[in-house]
Amino acid sequence: MNKNRDRINRRIRLLADAIIQQQKDGQISPSLLKDLEHIFEQAVQLASVNDHEYVTLEHFLYSMLNNDTFVELLNAFGADVKSLKDDVENYITNDLKDI
């Protein structure tokens, strides 16, 4: 299990490094970079707290649903963020037990 977590952490670090490089090249604003870093950190932490071996798209989505910028965007499109967040949380808690 630790090998997989190490592998996932390495991949996340590589992705974060790529995002940082894009920011240095002026392709990503500093505030967006900060939001992305926080979302990645939350997703990894959520998977770890739930003893999940893998960080899934659901972990990332749930982390995004806790980000004010992302929530504002979803609200602007008329999304029911609370319902979506509740559904994703329920899925992570009940359906991802064996990952």
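Criteria and thresholds
Each chain carries its own residue numbering, running from 1 in the written order of its sequence. Given that the model is predicted, a residue must reach a pLDDT of at least 70 before its local features are reported, and side-chain atom pairs must reach 80 or more before they are shown or counted; all residues, however, enter totals for whole chains, interfaces and linings. By convention in this description, side-chain values take in all heavy atoms of the structure and omit both hydrogens and water. For helices, the fitted line uses only the C-alpha atoms of the stretch in contact; every axis is such a line through C-alpha atoms, and the angle between N-to-C directions lies from 0 to 180 degrees. Only DSSP runs of H or I covering at least 4 residues are called helices, and only runs of E covering at least 2 are called strands; the numbering of each starts at the N terminus. Each crossing gets its hand from how the near helix is turned against the far one by less than a right angle, where anticlockwise is left-handed and clockwise is right-handed. Working rule for contacts: check all heavy atoms of both residues, and any pair within 4.5 Å makes them a contact. Under the scheme applied, nonpolar residues are Ala, Val, Leu, Ile, Met, Phe, Trp, Tyr, Cys and Pro; charged residues are Asp, Glu, Lys and Arg; polar residues are all the others, including Gly. Note on exposure labels: buried denotes an accessible area under 20% of the residue type's maximum, exposed denotes more than 50%, and partly exposed covers the range between, all computed with a 1.4 Å probe on protein chains only.

1. Remarks on the packing of helix 3 (residues 57-64) against helix 5 (residues 81-95)
One way to put it is that helix 3 packs onto helix 5 with a least axis distance of 10 Å and a crossing angle of 145°. Seen from above, helix 3 lies across helix 5 with left-handed handedness. Every residue of helix 5 that contacts helix 3 at Glu58, His59, Leu61 and Tyr62 is listed here: Lys85, Val88, Glu89, Tyr91 and Ile92. Residues that form the contact of helix 3 with helix 5 fall into these classes: five nonpolar, one polar and three charged.

2. Examining the environment of Lys82
Mapping Lys82 onto the fold places it in helix 5. A residue is classified by how much of its surface remains accessible, and Lys82, at 59% relative accessible area, is exposed. Considered as a pair, Lys82 and Leu65 are 17 residues apart in the sequence and their alpha carbons are 8.7 Å apart.

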